[in-house]
Amino acid sequence: MKAIVIEGGKGPPEALKLGEVETPKPGLGQILIRVEAAGVNRPDVIQRLGFYPPPPGAPPTLGLEVAGEVVEAAGRWKVGDRVCALLGGGGYAEFAACDARHALPIPKGLSAVEAAGLPETVFTVYANVFEGGSLKAGETLLVHGATSGIGVTAIQLGKAAGAKVIATSRGRDKAEQALQLGADVSIDASSEDFEALAREAGGVDVVLDMVGGAYFAKNLAALKTGGRIVYIASLGGGTVELPIGAMMMKRATITGSTLRPRTADEKARLAGEVERVVWPWIEAGEVKTVIDHTFPLAEAGKAHALLDSPHLGKVVLTVG
């Protein structure tokens, strides 16, 4: 089958080349999907650079989420079913195998391109905001990186759950986009003090942070008593200074997680929760996949380059 390979094992976006690899053979409890679209995510970029190897048993091919048609059945799926799925890898290809429990039906009314942009971001946001962060209706969620794929999803899921959402991004245009996505307050962090504005808005119960670094002290200062700070990345710096006294006074919880290394059983549990809670929001139109751009599979390098440029929402590869 055709798939994207990394020339030299790692490198710049231009190292992504269309090649021929063996079609995966699904194992016990796995389905084989004829891929129609594959989401492009920040972990793919990190893997391309050589810093994020796939977990044991996962294919070396990039790609953590796909949508398409089941061609070999297992579990609750039959041949011809249309699904989107969370993968450990292997999505940038014509076919992908995955644990049948990690696939979900394409929500009613969505195209394969739209559905391919769901699994990685929705699973990540649900696991971190609603499970790790325990966000509840009536609370306030602070989302950093508001116009990224994760940020766009977090804003919409927070609003669907009945929370107030404060969003930060860099640049006036991005701040306006976050408002259009549903954020109650949108802050241009390049020219405004998000800590001061969040405190003026009443403080926050949950912070979803992918920046780290200097944002930590501001997050903690903006946090309400009993608040939770959840990390999913540290693009602005992986080391912070923790004022233990301030943390104790606020009874703050500081946590974080990754998705890809979780066990198959844990991902299956999470898939069930996402289908139960989030899928009805999607089918009701409360949560949408925001697609910035699509590229044919052969142009995966251009898709990766776009991730490092200003964009809104998801970048998706089309296959076939």
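Residues take numbers from 1 onward in each chain, read along the sequence in its written order. Given that the model is predicted, a residue must reach a pLDDT of at least 70 before its local features are reported, and side-chain atom pairs must reach 80 or more before they are shown or counted; all residues, however, enter totals for whole chains, interfaces and linings. As a convention, hydrogens and water are excluded, and side-chain values are obtained from all of the structure's heavy atoms.

Tell me about the nonpolar core, and name the residues and values.
Only buried residues count toward a nonpolar core, which is a set of Ala, Val, Leu, Ile, Met, Phe, Trp, Tyr and Cys residues joined through side-chain atoms within 4.5 Å. Buried, partly exposed and exposed residues are distinguished by accessible area as a fraction of the type maximum, computed with a 1.4 Å probe on protein chains only: under 20%, between the cut-offs, and over 50%, respectively. Judged by nonpolar contacts, the single largest core of 68 residues is most densely connected at Val278 and Trp281. Here a strand is any run of E in DSSP of at least two residues, a helix any run of H or I of at least four, and the numbering for each starts at the N terminus. For this core, the element with the most residues is helix H9 (residues 264–283), which contributes eight residues. What Trp281 contacts, discounting residues up to four positions off in sequence, is Phe130, Leu157, Ala160, Ala161, Glu286 and Val287. Counting 32 residues, the second largest nonpolar core, distinct from the first, contains Leu16, Val70, Leu87 and Ala303. Residue contacts follow a heavy-atom distance rule, with two residues in contact if any of their heavy atoms lie within 4.5 Å.

Give me the lowdown on a nonpolar patch on the surface, citing residues and values where you can.
Patch members must show over 30% relative accessible area and no salt bridge, and they are joined within 9 Å when carrying like charges or within 5 Å when they are nonpolar side chains of Val, Leu, Ile, Met, Phe, Trp or Tyr. Accessible areas in this description were obtained via Shrake-Rupley with a 1.4 Å probe; residue shielding takes into account the shown protein chains only. Take a side-chain nitrogen of Lys or Arg and a carboxyl oxygen of Asp or Glu: if they are within 4 Å of each other, that pair is a salt bridge. Side chains of Leu242, Ile244, Met248 and Ile254 sit close together on the surface and give an oily, nonpolar patch of about 360 Å² of accessible area. As for its placement among the helices and strands, Leu242 is situated in the loop between strand E12 (223–231) and helix H8 (244–250).

Pulling in residues and values, what's your account of helix H10 (residues 300–307)?
Across the eight residues of H10, six count as buried, placing the element largely inside the fold. Residues of H10 that are buried: Ala300, Gly301, Ala303, His304, Leu306 and Leu307. Looking at the buried side of H10, the elements it contacts are strand E1 (2–6), strand E2 (16–20), strand E3 (30–40), helix H1 (42–48), strand E14 (291–296) and strand E15 (314–318).

Give a description of the sheet that holds strand E9 (residues 164–169) that names residues and reports values.
In this analysis, strands are considered paired if DSSP registers two or more bridges between them. Sheet architecture is open: six strands sit in the order E10-E9-E8-E11-E12-E13, paired in parallel fashion. Looking at strand neighbours, the two that pair on one side only are strand E10 (185–188) and strand E13 (253–256), the edges of this open sheet. The average angle at which neighbouring strand axes cross in this sheet is 15°, direction not considered. In this analysis an axis means a line fitted to C-alpha atoms, helices contributing only their contacting stretch, and an angle means the value between N-to-C directions, from 0 to 180 degrees.

Let's hear about the packing of helix H3 (residues 119–132) against H9: which residues, and what values?
Between H3 and H9, whose axes approach to 10 Å, the crossing angle comes to 90°. Regarding the angle of H3 to H9, the classification is roughly perpendicular. Taken together, the residues of H9 that come into contact with H3 (itself represented by Val122, Phe123, Tyr126, Ala127, Phe130 and Glu131) are Lys267, Arg269, Leu270, Ala271, Glu273, Val274, Arg276, Val277, Val278, Trp279 and Trp281. Polar here means any residue outside two lists: the nonpolar Ala, Val, Leu, Ile, Met, Phe, Trp, Tyr, Cys and Pro, and the charged Asp, Glu, Lys and Arg; Gly therefore counts as polar. Considered class by class, the residues forming the contact of H3 with H9 number 12 nonpolar, no polar and five charged. By definition in this entry, angles of less than 35 degrees are roughly parallel, angles greater than 145 are roughly antiparallel, angles of 65 to 115 are roughly perpendicular, and the rest are oblique.

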